[in-house]
Each structure stands twice: as structure tokens, then as C-alpha cells.
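Here is how the chains run, residue by residue.
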Amino acid sequence: MQTDRFARARILMEQKRYDLASNEITARIGDDPEDPEGYILAALCQYTLDRPGAGDAARRAVELAPNDSRAHFALSLVESKCGNLDGAEAAIRRAIELNSWAAGYFGQLAAIEIGRYDWSAALRAADEGLAIDPDDEVCLNHRAVALTKLGRHDEAAHTLEGTLEKHPEDAYTHANRGWTLLHENEPRKAVDHFREALRLDPNSEWAKAGLLEALRAKNWFYRRVLQFFLMLSRFSPRVQFGLIIGMVVVVRALAQLGEQVPAAEPFFAVLIFGYVAFVAATWFAKHIINMLLLFDRDGRVLLDRQQKCLSAVCTVLMVAVLALVASAVAGTDRRAAPAAVFVFLVAVHLASVFQIPAGRFRLLGAGASALILGLFAYERFERFELIHQFAMLQMRAGSHDMWAAEFQARKADMTEEQIAATEQGLQNSANSFAGSLRRFRSRAEELNSWESVLGFASLGGLLLHGFLAAKAVRARFESLM
């Protein structure tokens, strides 16, 4: 009976009917709770289904059969999914020590190195596995990923085309080929592979994401933005954040240098404007293109309700930003430029918050953004009031100049007493104006300092969103343990 349950579970797993296989395995463990085979199969099933307890089952299997390489392999899979790459590597290396002729183990080692962004190490591991079994799909696919990230697109394409010849019904390989074609700037060809991947596996999130990117990349402008992100994806998250922060620091330095070297200020202003425009494109191009995808058959199906709503809101906000920028350039309202900056930040934070998976981490990110934007809104209102005060100062200055001009025109006809009184009045007016101007400049300096602090706080909030997104993904997989 127990042997029959094992046989049925394995057949069901081969058919990808993991729910039914899990039932057979649970019954098998109930019959003999000390048999490691049941825990090995349970760990693999629960790992595939993203169910809690996969880690416990894998550790129990290692405890009962410390010399069974499959138990260590199962533990490595679970540890890598939970983000514990060191633990995953230790487990898979132990599995390789126990059985160095299993190509799939080297495929798992390659996956771990891919998670570390160590493309050369991933390529070496995949090649070791292929030396054992040249047809191992996992090693072939991971080899293609590593080659793509190393910029060796021709070799990656050759690897995947050969794999598809041998395994034309493998959804993962089709999706992988689609992503390599995106790296090669061939979105139209990529669409065909992503569609085939979804035909073979309708639940493949990787293929769905790839098809959306390929459809967006049909747009010339977004294709350039996507190429930048694909290039950036070759680097680890720390390096990516470092590059982003570095660019912000450079922009701030250029702005300060422009103030010190007025002759070069227009050139620096063009560079800063180009950077801001590029940042806006990287944040919002996807959402604006999503609006266009609503008129595409595949796009309407692939975009969920949240993506559609977010794209609509971001598009409206960006239109508002452009309108405010146009008003600022035309000089019709001094408040337009600071208002455009605030609306832009609102759109950036909104888009960033919804990159965090739903749950407590998204709420935490939304709370942080609400606090930062609330302080920024207060600063904007204070700045608007300062702009109003500046307008009043200009009116006072105009009135003072008119009074002085009128006095000079009538001075010859005035008595000495009238002249003295008028001159005293003009002096009092000038002194009052000078005091108001000093207070205005002092408040302007305070607001500029406050704006700089809030600018860096806003950047910190966006970095926090990235951290929370990673934590949310990890928390989801840690439930497997």
C-alpha cells in the first residue's frame, strides 16, 4: 500500500497535479512518520505549491536521511526561495558531495548564483551540470540567463534555440527565450515566445510579465527605457541603488556649481532638466504605455484592475505636471513650478507604493509616503505664501519708486518743510521695505533648506519602498518554512 502511494504521488507530480500528490504523500507520512521519502516528496510538493511547512518537511527529511542527497536538494530549493542563499548553497553543495552525477543539482547551484547576480559563477555551475547531462533543461535555461546578463546574446540564443528543438513544449524555455529577445531589442519576436509559454502554462507570472513588457516595447520610446532597465538588471540591487543615489548627488553638485559659475549655469540646467526628464520617463513610461495597451487585445487581458486604475491616475497626474510646467515656462504663475514638483512627487510615490505587494508592508510604505508628502505639502503652502509676499514686496517697491519719481518731479515747487517730510517718509518706506526684504530672504533660505531635506527624505522613502517590496516577497516565502 505504501509503495503504491509513492508510485501514485510521483506520477501525479510528473503530471503537475501537486494537490492530489500532496494528499497521497500526507497519507503516506501518516502510515510511517519515520520514512524520509515521504518528507522529501512533501517538501518538493509544498515548495511547488508555495505552501507552509515545506522547510519543516525538508529539514525533517535531512534529519532522517542525512546521507540522502535528495533531502539536501529539497532543503536547498526551499532556502533559496526564502532568500537564504547561503543556507541554500550549503545544502546543495552537500547534495553534490553525496551525488556528484546529478545535473539538476548543478542547475540549482546556478540558480543560487543567479540570485547573487554572480553571472560568471552561474555559468560555471550550469556548464558543470551540462557536462554530466547535455540535455538538462534547468542547466540549459540557467546557462542562457547567465550568458544574457554577461552580454553574450548570440551564445544565449544558440543555447535556447537548441533547447527548444529538443523540448518544444517547455513553457519555461519559451519564456526565457522571450526575455533574451527583449535583451536583444527584439520585442515583436519575444511576443511569440511569451504567448507560446502562456499557452503551455497559463499561470506563468514570468511569461505574463514578459509579454506585457514586450507589448509595451513595441513603442519606440518605451523600448529605450526598457533597454536601460535591462542593462541595469545586470547589477546587484546595492549597485543599482548606488548608481541612483550617485546620480542624485551629481545633479545637486551641478546645481550648486551653476550658482557659483553663472556663465555655465544654462549648460548645467540643460543637464539637470535632461536628468529629471529621464527619471520621469523611467517612473511613468510603463503606466502611460499601459493606457495604450487598453486598446490592445492582449493588453486588456493581461492588465489587472489595479494596473489599469494606477495607469489612469498616473497619466492624469503627468498631464497635470506638464500643464504646470507649461504655465511656469510661460511665466503666468510663479506657483506653477513648485506645484509641478509636488504633483510629480505625488505621482512617483503613488507608483512606487503599488510596486510593494499588497499587505502590511505596502501599508507601511504608504504611511511613510503620506508623512513625507504631507510635510512637503506644508512646505509648498509656505512657499506659495512666500511667493504672495514677494508679489506684495514688488508692489511696495513699485509704489516707493513712483513716490520717489513724483517727489523729484515736484521738488522744485515744494517748501523746505514739505521736502524734509517727504524725504523722511521715503526713508521710512525704504527702511520698512529693507526690513521686509531681509525677513523674506531669511524665510526663503529656511524654505530652501527645508526643501533640500524633504527632497532627500523623499528619495529615502522611495528606497524604503524597494526595501519593503523585497521584505514582502521574502515574508511570503518565509511562510514556507
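Residues numbered from 1 in each chain as written. Predicted model: local features only at pLDDT ≥ 70, side-chain atom pairs only at ≥ 80, totals over all residues. Heavy atoms only, no water.

Caption draft 1: Geometry of unusual backbone geometry. For Tyr117, which is not glycine, the phi dihedral falls at a positive 65°. With respect to the helices and strands, Tyr117 occurs in the loop between helix 7 (103–115) and helix 8 (119–132). A positive phi angle is found at Asn185, which is not glycine, with a value near 65°. Structurally, Asn185 is set in the loop between helix 11 (171–183) and helix 12 (187–200). (Helix = DSSP H or I, 4+ residues; strand = E, 2+ residues; numbered from the N terminus.)

Caption draft 2: Representation of the pattern of salt bridges within the structure. The final tally for this structure, using the stated rule, is 26 salt bridges. Here Asp86 ties to Arg116 by a salt bridge, and the two come within 2.8 Å at their closest N and O atoms. Remark: Arg116 occurs in the loop between helix 7 and helix 8 and Asp86 occurs in helix 6 (residues 85–98); sequence separation between them is 30 residues. Judged by relative accessible area, which is 57%, Asp86 ranks as exposed. In this structure, Arg177 engages Glu161 in a salt bridge whose closest nitrogen and oxygen atoms are separated by 3.0 Å. (Salt bridge = Lys/Arg side-chain N within 4 Å of Asp/Glu carboxyl O. Buried < 20%, exposed > 50% of the residue type's maximum accessible area, 1.4 Å probe, protein only.)

Caption draft 3: Structural context of the packing of helix 2 (residues 18–31) against helix 3 (residues 36–49). At a minimum axis separation of 9 Å, helix 2 and helix 3 run at an interaxial angle of 150°. For the element pair helix 2 / helix 3, the angle class is roughly antiparallel. Along this stretch, helix 2 crosses helix 3, giving a crossing that reads as left-handed. Within the contact between the two elements, helix 2 uses Tyr18, Asp19, Ala21, Ser22, Ile25 and Ile29 and helix 3 uses Gly38, Tyr39, Leu41, Ala42, Cys45, Thr48 and Leu49. Its residues assigned to classes, the contact of helix 2 with helix 3 shows 9 nonpolar, 3 polar and 1 charged. (Axes fitted to C-alpha atoms, helices over the stretch in contact; angles between N-to-C directions. Parallel < 35°, antiparallel > 145°, perpendicular 65-115°, else oblique. Left-handed = near helix turned anticlockwise from the far one by under 90°. Contact = heavy atoms within 4.5 Å. Nonpolar A, V, L, I, M, F, W, Y, C, P; charged D, E, K, R; others polar.)

Caption draft 4: Quick peek at the packing of helix 8 against helix 9 (residues 137–149). Relative to each other, helix 8 and helix 9 sit at 150°, their axes nearing to 8 Å. Accordingly, the angle class assigned to the pair helix 8 and helix 9 is roughly antiparallel. The handedness of the crossing between helix 8 and helix 9 is left-handed. Between helix 8 and helix 9, the contacting residues are Trp119, Ala122, Leu123, Ala126, Asp127, Gly129 and Leu130 on the first element and Cys139, Leu140, Arg143, Ala146, Leu147 and Lys149 on the second.

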